[in-house]
Amino acid sequence: MGMDFSTLRTLISRYCVGEENWVDSRTIYIGHKEPPPGTEAFIQQRYPDNRIVSSKYTFWNFVPKNMFEQFRRVANFYFLIIFLVQLIIDTPTSPITSGLPLFFVITVTAIKQGYEDWLRHKADNSVNQCPIHVVQHGKVVRKQSRKLRVGDVVFMKENETFPCDLILLSTSRDDGTCYVTTASLDGESSHKTYYAVQDTKAFNTEEEVDSIHATIECEQPQPDLYKFVGRINIYMDNEPVARPLGSENLLLRGATLKNTEHIYAVAIYTGMETKMALNYQSKTQKRSAVEKSMNAYLVVYLCILISKAIINTALKYVWQADSNRDEPWYNDRTDTERQRHIVIRAFTDFLAFMVLFNYIIPVSMYVTVEMQKFLGSYFIMWDDEMFDEELGERAVVNTSDLNEELGQVEYVFTDKTGTLTENNMEFIECCVDGHVYVPDVICNGQVMPGATSMDMIDTSPGPGAREHEELFFRALCLCHTVQVKEEETVDGIKHGIHQGKSTSFYISSSPDEVALVEGMKRLGFTYLRLKDSHMEILNREDEIERFELLEVLTFDSVRRRMSVIVRSTTGERYLFCKGADSSIFPRVVSGKVEQVRARVEHNAVEGLRTLCVAYRPLSPEQYQEVCHLLNGAKLALHDRDKRLAEAYDVIEKDLILLGATAVEDRLQEKAADTIESLHKAGMKVWVLTGDKMETAAATCYASKLFHRNTQILELTTKRTEEQSLHDVLFDLSRTVLRQHGGMARDTFSGLSGDCTDYGLIIDGATLSAVMRPSQEDSNSGNYKEIFLEICRNCSAVLCCRMAPLQKAQIVKLIKASEEHPITLAIGDGANDVSMILEAHVGIGIMGKEGRQAVRNSDYAIPKFKHLKKILLVHGHYYYIRISELVQYFFYKNVCFIFPQFLYQFFCGFSQQPLYDTAYLTLYNISFTSLPILLYSLIEQHINMDILKKDPSLYRDIAKNSLLRWRIFIYWTILGVYDAIVMFFGAYFLFDNTTFTSNGQMFGNWTFGTLVFTVLVFTVTFKLALDTHYWTWINHFVIWGSLIFFVVFSLLWGGIIWPFLNYQRMYYVFMQMLSSGPAWFSIILLITASLLPDVLKKVICRALWPTTTERIQNADKLYKGHLSEFTPLASLHAPPKAGGHRRGSGNQRNAPNPRRSEPFSKKIMFTRWQRTPDYSTFTPLLRFADGSRFSKQGHAYSGAGPETSV
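About the cut-offs
Residues numbered from 1 in each chain as written. Predicted model: local features only at pLDDT ≥ 70, side-chain atom pairs only at ≥ 80, totals over all residues. Heavy atoms only, no water. UniProt positions renumbered as here; feature names shortened; annotations may be inferred. Helix = DSSP H or I, 4+ residues; strand = E, 2+ residues; numbered from the N terminus. Buried < 20%, exposed > 50% of the residue type's maximum accessible area, 1.4 Å probe, protein only. Contact = heavy atoms within 4.5 Å. Areas by Shrake-Rupley, 256 points an atom, 1.4 Å probe, with all protein chains shown as cover. Pairing = 2+ DSSP bridges. Axes fitted to C-alpha atoms, helices over the stretch in contact; angles between N-to-C directions. Salt bridge = Lys/Arg side-chain N within 4 Å of Asp/Glu carboxyl O. Expected span 1.5 Å × (residues − 1). Patch = residues over 30% accessible without salt bridge, like charges linked within 9 Å, V, L, I, M, F, W, Y side chains within 5 Å. Phe/Tyr/Trp six-rings, centres within 6.5 Å; stacked < 30°, edge-to-face > 60°. Parallel < 35°, antiparallel > 145°, perpendicular 65-115°, else oblique. Left-handed = near helix turned anticlockwise from the far one by under 90°. Polar contact = N/O pair within 3.5 Å; in protein donor to acceptor, adjacent residues only side chain to side chain. Core = buried A, V, L, I, M, F, W, Y, C linked by side-chain atoms within 4.5 Å.

- Naming follows an unreviewed UniProt entry, where the protein chain appears as Phospholipid-transporting ATPase of Cottoperca gobio.
- Quoted straight from UniProt, the Subunit (unreviewed entry) entry for the protein chain says "Component of a P4-ATPase flippase complex which consists of a catalytic alpha subunit ATP11A and an accessory beta subunit TMEM30A."
- Quoted verbatim from the Sequence similarities (unreviewed entry) field of the UniProt record, the comment on the protein chain reads "Belongs to the cation transport ATPase (P-type) (TC 3.A.3) family. Type IV subfamily."

So this is what it looks like as structure tokens:
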């Protein structure tokens, strides 16, 4: 079974849809002109039109398709079967009782999905009917977007959005370039440069473009936005000239033309084959732990239902075995039915009992849960505390199905750059041949205050080094993909950068590059522009230098470097290369390597991002060889990326080292506080980054992931070169297990002051070796298990030098571990998408690396600090609410149907219903549904501020603790008890045949109505007792639903309804209420039903209160202002012997200071030496000795006030 379904689907589409000549590439005739005779014959392929279809249904298939999807849900299908049984056989209840709730559920869902699909149709039509301009027969004609075909030449103007994927032929600019924004595709608002085909860029009119005679060969459509391989054959004098096409020539559907008057381009992918449409494919469905619990409970209740039906069927035939007892007269059985075979009669009776008891399965629970999740998600989006003014963005919910999963997270996997840090690069220093230069502090073009007078640290290089220094500055001004954006002044005149610095700024897809170019500007070398393939630089003497840009060897994450080849005005050719130290140093043959390496390591330890710069002069012969290599690789249609990588590898060698740069990526606001809160909440935080180990480790110290006393365990390539991987793993395993006596710490266990705090650092290469499948060597088979054992015993893990796929592998490994913990992945870039999709909950950050992470996530937040609120508050609330909702639904249905089961023992198992049809139908739909829905939306069992101040409360709901079998059984027993009290209470109270005031006796419908009235009031009061957060809406809905029940009952029994064929409920409710004993019974039975649950709560709160209950009691005492007055640590349950909470005073030392200024002031952290001010710093921790203060003074978990020295 090696072939997956996608492969099978592809093969079917190839061979069963008439595409016998299907190939891996396509040939497109520009303007639909066929190539001249004598060229290779080709069968024209069929391409789709440009119609976009994002809708799911059509007018004709909506009903059958929607019905099929809805009845795939077990509960819906079950109720359909019950409804059909009621129609087919003679059952005790009307088909309406199960048909109406089912119809209601199906109709509401169908209307919601139909409306959503109608909106999609509307959006599709507006796009498909959008007018576009196409060149035909030398003229520009207008047509609808949906009529566009592959091969059409399209004319686009500035600010227009591309209707399909296009190859750029020519532009209004002389250099054949155009600027494009791809914000709707990946969120990047920067202007990207695209290039026209060299041989067609001079064709600037409709007639000239129409005269182009060419074909394009390219790959078949695939969803990667950043990859394209093709070739254009231009026929001049019947001789084809081949030119390579890459992603720099491809304009994607949805992107917008900017700063360019007009362009001509040819359509190559249309409609559902465009890259944007191929990225529409839906993500795999994630299911929460609560949903799995619900399904398990449903199975249990289904078994209870079948058991009830079997017991009643068996007892019926035992009852009727006596010759004096027969089928009751009111069942109206015919002689034919009586004479049927006993097996058929028994099976029919079994189905009838199934129908009678089927309400124990709460079909409306699924609708209520869906509504709760859908409406509840708006509270996240409306949260003003998660609104970021700088970005102007709010939190976004892409998947409301996982709201409660936010309250169950055990592992958090976070990216570093752009997630923990701001991805806001600041040029700090550069080192040339060991000499260090520090310019004014540059941050996005702004000079930081207090730094204007700073000069270079070391400005005394010798005369020979002066040339190297200027070559280094020129290299950084040339080796990049930065664009210069010119702004218009107020009078509308454009100014160049050399006329006024304030009117221009740099744009790049990489913030590092902008920081480096701006840094060079402060050191005297200003990059001006790229014009006509020439890069212009303004040097220190204010002279403009021009370099011809010959080749760009683009950056990729595997090589981790980029290069440019330029020619100076004197004719010399240079290859300038910049990249990570690990990819540059091995390729260097000369230069002051040791001095530069020492500076790079020094900066990495301080948490700075470092790049090395090198160059290589090229002779004419070497340049010709380079051109030959690159052209051969670029023209390849197959394995182009592989051949380019091989060519780059050959070209980027024998380099001369110039120096290195250091750029700082500042920590995001409150990142350290957020990580510390997550730790206190019992979550393990792992940082997965592509950065080098030293830089990442420094960030981990600054963000309080690692602390001063954390013992760092290294599992890196450097260490595995000295020892075998097997030995290293076993050494680390012995180290961590020796400390804990061979017992692995539980995910939520704390760390005491006596217990060593371990942190693990692993790199990508070693992880690959650990993850490799078992080898023949018996020692290598169990590496994953040992690795997991080590990780479980570490408080924090840092994975550096990670590829995107490895991030997903790590998440998958933890998900599949023995405990099956709930995982959360958070990141801001395209390289984080794989782990976001793999984790149980994926969160995207609206950062500077595009919006791919946001688009693929379940939730999106503006900043990392908002993770604290979304988990500790929203996640906590949603889990509490939905847990109560699920348990309450099962409880109220047990209360509802168990009296019906007991009633059969008193009516000869005749399947006589206890309740009226209207009550059976409306119990779950109207009488008891709204109060629990409202509870599940607005309940706050603990004040929001307390949840934020005391993250350890999150531990109380860990591991799906509120939906465990013990609690489920308690609710079920409570439901059975209430049902017994209601039924037998009513039975014994009326055993003496109670009379009304006019002497009438109560009948069976009055008895059923009395039980039902007690039932509705009891389950509603039960919910009222469980409610902690009361608002006017709660009062309105809870008491309003009871009033509605009374009013409905009065109307239902007070009028003779002409459409009913029976009037058995006429005057029953009024007659019951006219009896004094009935009123007494109702009050007495409601009290007796609720009493045990109330007693249990009172006794448990008094004798064995949980942390949550202690805080609730204290908050009532302080009238909702507990968080302002009381040290919350004192409200925690006393620690068990040997179990200590992480974070005693002697553990938390100052983080490793980072450079936030070029000359950072030395920071000294001091501690309070007096009683803490609880209104300012609330201690949220328990300490090893149980006291509130440590011997050293205040035991506040973070660093104290900062003092400058």
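## What to know about the overall build of the protein chain
Next, step 1: Scanning the protein chain for helices and strands turns up 37 helices and 38 strands.
Next, step 2: Looking at the protein chain residue by residue over its 1205 residues, the buried ones come to 54%.
Next, step 3: In the protein chain, the share of contacts with a sequence separation of at least 24, taken over all contacts with a separation of at least 6, comes to 73%.
Next, step 4: Approximately 53,800 Å² of the protein chain is accessible, and the part contributed by carbon and sulfur atoms is 57%.

## Regarding the sheet that holds strand β9 (residues 230–236)
Next, step 1: Read from one edge of the open sheet, four strands run β1-β8-β9-β10, paired in antiparallel fashion. Edge positions in the sheet fall to β1 (25–29) and β10 (239–245), since each has one partner strand and no second. Between one strand axis and the next, the sheet turns through 20° on average, direction left out of account.
Next, step 2: As paired strands, strand β8 (residues 214–219) and β9 are joined by five bridges and run antiparallel to one another. Within β9, the residue paired with Thr-215 across the bridge is Asn-233.

## Here's the deal with the pattern of salt bridges
Note that side chains of opposite charge can pair when their charged atoms are close.
Next, step 1: In the structure shown here, the tally under the stated rule is 38 salt bridges.
Next, step 2: The partner of Asp-199 in a salt bridge is Arg-243, with the nearest N and O atoms 2.5 Å apart. Of this pair, Asp-199 sits in the loop between β7 (188–195) and α6 (206–210) while Arg-243 sits in strand β10, placing them 44 residues apart in sequence.
Next, step 3: With a relative accessible area of 32%, Arg-243 lands in the partly exposed category.

## A word on helix α11 (residues 363–381)
Next, step 1: Relative to the 27 Å expected for 19 residues at 1.5 Å per residue, α11 spans 29 Å between its end C-alpha atoms, a close match to the ideal helical length.
Next, step 2: For α11, the set of buried residues is Val-363, Ser-364, Met-365, Tyr-366, Val-367, Thr-368, Val-369, Gln-372, Lys-373, Gly-376, Ser-377 and Ile-380.

## Section: unusual backbone geometry
Next, step 1: In this structure, His-32 is a non-glycine residue whose phi angle is positive, near 60°.
Next, step 2: In this fold, His-32 is placed in the loop between β1 and α2 (62–70).

## Describing the pairing of strand β23 (residues 534–538)
Next, step 1: Here β23 lies mainly inside the structure; four of its five residues are buried.
Next, step 2: Bridge count for strand β22 (residues 526–531) against β23 is five bridges, and the pairing is antiparallel. When the bridges of β23 are listed, Arg-529 appears paired with Glu-536.
Next, step 3: Where β22 folds back onto β23 in an antiparallel hairpin, the turn is made up of two residues, including Asp-532, whose phi is positive at roughly 50°.
Next, step 4: Here five bridges tie β23 to strand β24 (residues 544–556), and the two strands are oriented antiparallel to one another.

## Observations concerning a nonpolar patch on the surface
Next, step 1: Nonpolar side chains collect at one region of the surface, where Phe-77, Ile-81, Leu-84, Leu-87 and Ile-88 lie side by side and expose about 500 Å² of accessible area between them.
Next, step 2: Within the secondary structure, Leu-84 sits in helix α3 (residues 74–88).

## Thoughts on the packing of aromatic side chains
Next, step 1: Per the stated rule, a full pass over the model turns up 58 aromatic pairs.
Next, step 2: When the ring of Tyr-891 is compared with that of Trp-971, the centres are 5.6 Å apart and the planes differ by 75°; the resulting orientation is edge-to-face. Of the two residues, Tyr-891 sits in helix α27 (residues 866–903) while Trp-971 sits in helix α31 (residues 965–989), which places them 80 residues apart along the sequence.
Next, step 3: Classification of Tyr-891 as buried rests on a relative accessible area of 1%.

## What to know about the packing of α3 against helix α10 (residues 342–357)
Packed helices, taken two at a time, are described by their axes: the angle between them and the distance between them.
Next, step 1: Between α3 and α10, the least distance of the axes is 10 Å, while the angle of their chain directions is 125°. As summarised for this structure, α3 and α10 are arranged oblique, according to the angle between their axes. The hand of the α3/α10 crossing is left-handed. In this structure, α3 contributes Tyr-78, Ile-82, Val-85 and Gln-86 to the contact, and α10 contributes Leu-351, Met-354 and Val-355.

## Observations concerning the UniProt feature "active site" (unreviewed entry) in the protein chain
Next, step 1: Within this numbering scheme, the UniProt entry marks Asp-415 as carrying the feature "active site" (unreviewed entry).
Next, step 2: Residue class for Asp-415 comes out buried when judged on its relative accessible area of 3%.
Next, step 3: Within the structure, Asp-415 has its side chain in polar contact with the side chain of Lys-807 (distance 3.3 Å).

## Observations concerning the sheet that holds strand β3 (residues 139–144)
Next, step 1: An order of β3-β2-β4-β13-β5-β11 is seen for the six strands of this open sheet, with the pairing classed as antiparallel. The open sheet terminates on both sides in strands that have one partner only, identified here as β3 and β11 (250–251).
Next, step 2: Relative to β3, strand β2 (residues 131–136) runs antiparallel, the two being bridged by six bridges. Paired with Ile-132 across the strands is Lys-143, a residue of β3.

## Some details on the nonpolar core
Next, step 1: In this structure, Met-365, Val-886, Phe-896, Tyr-915, Phe-1012 and Leu-1015 are the most contacted members of the largest nonpolar core, which totals 90 residues.
Next, step 2: Among the elements that take part in this core, α27 stands out by supplying 17 residues, more than any other.
Next, step 3: Ranked by size, the runner-up nonpolar core spans 41 residues in total, among them Cys-700, Ile-761, Cys-800 and Tyr-859.

## Considerations on helix α23 (residues 783–792)
Next, step 1: Of all 10 residues making up α23, seven are buried, and the element is well covered by its neighbours.
Next, step 2: Taken together, the buried positions of α23 are Tyr-783, Ile-786, Phe-787, Leu-788, Ile-790, Cys-791 and Arg-792.

## Looking at the environment of Cys-895
Next, step 1: Mapped onto the elements, Cys-895 comes out in helix α27.
Next, step 2: Overall, Cys-895 belongs to the buried group, its relative accessible area being 0%.
Next, step 3: Sequence separation of Cys-895 and Phe-1012 is 117 residues, and the distance between their C-alpha atoms is 9.7 Å.
Next, step 4: The contact partners of Cys-895, leaving out residues within four places of it in the chain, are Tyr-915, Gly-975, Asp-978, Ala-979, Met-982, Leu-1015 and Val-1019.

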